[in-house]
Amino acid sequence: MQNKKQKDGKQTKNKSACKIDKKCGGCQFQKMPYKEQLKRKQKQEEQLLGGFCKVSPIIGMEHPYFYRNKVHAVFDRDKKGNVISGIYAEGTHRVIAVEECLIEDKKSQEIIRTIRELLPSFKIKTYNEDTGYGLLRHVLVRRGFETGEIMVVLVLGSPILPSKNNFVKALRKVYPEITTVVLNVNNKQTSMVLGEKEKPIYGPGFIKDKLCGCTFRISPKSFYQVNPVQTEVLYNTAMDYAELTGKETVIDAYCGTGTIGLIAAKNAKKVIGVELNKDAVKDARINAKENGITNAEIYAGDAGRFMVDMASKNQKADVVFMDPPRAGSDEKFLSSVIKLGPKRVVYVSCNPETLARDLKYLTRYGYQAVKIQPVDNFPFCDHIETVVKLVRKK
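Residues numbered from 1 in each chain as written. Predicted model: local features only at pLDDT ≥ 70, side-chain atom pairs only at ≥ 80, totals over all residues. Heavy atoms only, no water.

Trainee: Outline the overall build of the chain, listing residues and values.
Mentor: Secondary structure assignment for the chain yields eleven helices and 16 strands. In terms of C-alpha radius of gyration, the chain reaches 22 Å, essentially the compact-globule figure of 21 Å for 394 residues. With respect to the three principal axes, the spread of C-alpha positions in the chain is 70 × 45 × 35 Å. Taken across its 394 residues, the chain has 54% of its residues classed as buried. Carbon and sulfur atoms make up 50% of the accessible area of the chain, which amounts to about 19,100 Å² in all. Counting 66 positive and 44 negative side-chain charges, the chain places the centres of these two groups 1 Å from one another. (Helix = DSSP H or I, 4+ residues; strand = E, 2+ residues; numbered from the N terminus. Rg over C-alpha atoms; globule rule 2.2 N^0.38 Å. Buried < 20%, exposed > 50% of the residue type's maximum accessible area, 1.4 Å probe, protein only. Areas by Shrake-Rupley, 256 points an atom, 1.4 Å probe, with all protein chains shown as cover. Lys, Arg positive; Asp, Glu negative; His and termini not counted. Charge placed at Lys NZ, Arg CZ, Asp CG, Glu CD.)

Have a look at this one:
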């Protein structure tokens, strides 16, 4: 149970509330009180980004525990032959048993512990990476915090799960709120968790969740922000910075499954989402349809090339949202933003270092950063999300 000390984020300095903190390496700031973490992140943002404009105070969480809606466990056996579930020790494939993680969703962790307890009675062996013998490799649980829907993904070394229907029945007897169970086959020697082949053995093979008033479909491989509470803060800030009035043409570059663009569509004239990943494009189109959004078009392709093509045809966009991966953007893409010349650029970043590099380019070629808002989506970890509003200089 979460004790008061944990809930208030007041664990003593140099003492972690996590029992496996030293072995795990997943959280860099477990020994640091939450207020100290926020101060440290604020300082980092100001050092990296303060030269562009004033950095607003970071928005932290009221309760910075058990926030991750996606929980993954690797299955193995200890030296005594007992089934264990947990994580790989940092930089290795040695499994550390995890009973409770302080940042992962509680219900999802309970489901993983129950699966572990069910394995012996169903004679399901855990997979051994060295010998290639055994069946169950990983379990992935994803939960919609708004809808309550839960997906369990069983990652197997081969495609057949004996007594699968009885196994699902036994699991759902304990957790009737599980809405879908998916078998995923990963028979390769790889550090990737999910394999390419998958099939639902219960339910539709996906769950739905709500974010900023829109419903999103989440499949096993879909990208979806892991901290929905702070993601609402992040995306609402991005919408404020876009200043949409219903007359704008908006581009959602790196659109993924369409989250930012579809939220923006409610207050824009037209939204164009562009994404390289074909599976994400398919999800984005389904999400648009299921939300009744008719003013959004989703294209498969390179967003930079798409914008250069628009500029060559004298087509205009008023706002560009960009939400690149941790590596940030590249000059090719940034130069395409400059060519298209939108009035506003809203940059959502998960890495302040690559953000600083990209802002240097955008501010050199006609844009000015006017607002910077850090948001703490990852308490106890060293990642920071940031939203920047850039306007075209007159």
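After that view of the structure, there is still more to cover.
Trainee: Please give an account of empty space enclosed by the protein that cites residues and values.
Mentor: Taken as a whole and assessed by the stated rule, the structure comprises one cavity of 30 Å³ or more. Approximately 30 Å³ is the volume attributed to the largest cavity. Looking at the largest cavity, the residues that line it are N69, R142, R143, I207, I218 and Y224. Grouping the constituent residues of the lining of the largest cavity by class yields three nonpolar, one polar and two charged. (1 Å grid on protein atoms, 1.4 Å probe; cavity = no way out; pocket = protein on both sides within 12 Å on 5 of 7 lines; lining within 4 Å. Points joined across faces, edges and corners; volume = space filled by probe spheres on them. Nonpolar A, V, L, I, M, F, W, Y, C, P; charged D, E, K, R; others polar.)

Trainee: An account of the pattern of salt bridges is needed here, citing residue identities and associated values.
Mentor: Any two side chains of opposite charge can pair, so long as their charged atoms come close to each other. One pass over the structure, following the stated rule, counts 14 salt bridges. The residue E177 makes a salt bridge to K107 at a minimum N-O spacing of 3.1 Å. Pair noted here: E177 is in the loop between α5 (164-174) and β6 (178-185) and K107 is in helix α4 (residues 106-118), with a separation of 70 residues, a long-range link. Classification of K107 by relative accessible area gives partly exposed; the value is 27%. Here D318 and K343 are joined by a salt bridge, their closest N and O atoms 3.3 Å apart. Here the residue D318 occupies a position in the loop between α9 (303-312) and β13 (319-322), and K343 occupies one in the loop between α10 (331-340) and β14 (344-349), the gap between them amounting to 25 residues. (Salt bridge = Lys/Arg side-chain N within 4 Å of Asp/Glu carboxyl O.)

Trainee: I'd like a description of the packing of aromatic side chains, backed by residues and values.
Mentor: A full pass over the atoms with the stated rule returns seven aromatic pairs. Between Y254 and F333 the ring centres are 5.0 Å apart and the planes differ by 50°, which places this aromatic pair in the tilted class. Residue Y254 is found in the loop between β10 (249-253) and α7 (259-265), and its partner F333 is found in helix α10; the two are separated by 79 residues along the sequence. Since its relative accessible area comes to 5%, F333 is described here as buried. Between Y361 and Y365, the ring centres sit 4.7 Å apart and the planes meet at 45°, which makes this aromatic pair tilted. Since its relative accessible area comes to 40%, Y365 is described here as partly exposed. Taken together, the aromatic side chains of Y34, Y65, F66 and F380 make up a single cluster linked through ring pairs. The ring of F66 carries K106 above its face, with NZ or CZ at 4.8 Å from the centroid. Directly above the aromatic system of F206 lies the positively charged group of R217, at a separation of 3.8 Å from the ring centroid. (Phe/Tyr/Trp six-rings, centres within 6.5 Å; stacked < 30°, edge-to-face > 60°. Lys NZ or Arg CZ within 6 Å of the ring centre and 35° of its normal.)

Trainee: Before we move on, could you go through the sheet that holds β13 and cite the residues and values that matter?
Mentor: Pairing between sheet strands relies on hydrogen bonds along the backbone, with the strands arranged either parallel or antiparallel. One open sheet holds the seven strands; their spatial order is β12-β11-β10-β13-β14-β16-β15, and the pairing between them is mixed. Single-partner strands in this sheet number two, and they are β12 (296-300) and β15 (367-375). Mean inter-strand twist for the sheet, computed between neighbouring axes without regard to direction, equals 15°. As judged from the eight bridges shared by β15 and strand β16 (residues 385-392), these two strands associate in the antiparallel manner. Among the inter-strand pairings, P374 is bridged to a residue of β16, identified as T386. Contacting β13, β14, β15 and β16, helix α6 (residues 228-242) runs over the sheet at an angle of about 5° to β16. (Pairing = 2+ DSSP bridges. Axes fitted to C-alpha atoms, helices over the stretch in contact; angles between N-to-C directions. Contact = heavy atoms within 4.5 Å.)

Trainee: Which residues make up the nonpolar core, and what are the values?
Mentor: Judged by nonpolar contacts, the single largest core of 37 residues is most densely connected at F321 and V346. Elements with a minimum of two residues in this core: β5 (150-156), β8 (207-211), β9 (214-218), α6, α7, β13 and β14. It is α6 that contributes the most residues to this core, six residues altogether. If sequence neighbours within four positions are ignored, F321 has contacts with A238, M239, A242, V250, I251, D252, A253, I260, A264 and V346. Counting residues in each nonpolar core, the second largest holds 29 residues, with C53, M322, Y361 and A369 among its members. (Core = buried A, V, L, I, M, F, W, Y, C linked by side-chain atoms within 4.5 Å.)

Trainee: Please give an account of the sheet that holds strand β1 (residues 70-77) that cites residues and values.
Mentor: The seven strands lie next to each other as β3-β2-β1-β4-β5-β6-β7, forming an open sheet whose pairing is mixed. The two strands at the open ends of the sheet, each matched to only one other strand, are β3 (95-97) and β7 (197-202). For this sheet, the mean inter-axis angle between neighbouring strands, taken without regard to orientation, is 35°. In the sheet, β5 pairs with β6 via seven bridges, with the strands oriented parallel. Looking across to β6, one finds that L156 is bridged to V185.

Trainee: Any chance you could break down the packing of α4 against α5 for me, citing the residues and the numbers?
Mentor: Two measures define how a pair of helices packs: the angle their axes make with one another and the distance between the axes. The geometry of α4 relative to α5 is characterised by a closest axis approach of 11 Å and an angle of 135° between their N-to-C directions. As the angle between them shows, α4 and α5 are arranged oblique. As for how α4 packs across α5, the hand of that crossing is right-handed. Across the interface between the two elements, I111, T114, I115 and L118 from α4 touch F167, A170, L171 and V174 from α5. Split into classes, the residues belonging to the contact of α4 with α5 amount to seven nonpolar, one polar and no charged. (Parallel < 35°, antiparallel > 145°, perpendicular 65-115°, else oblique. Left-handed = near helix turned anticlockwise from the far one by under 90°.)

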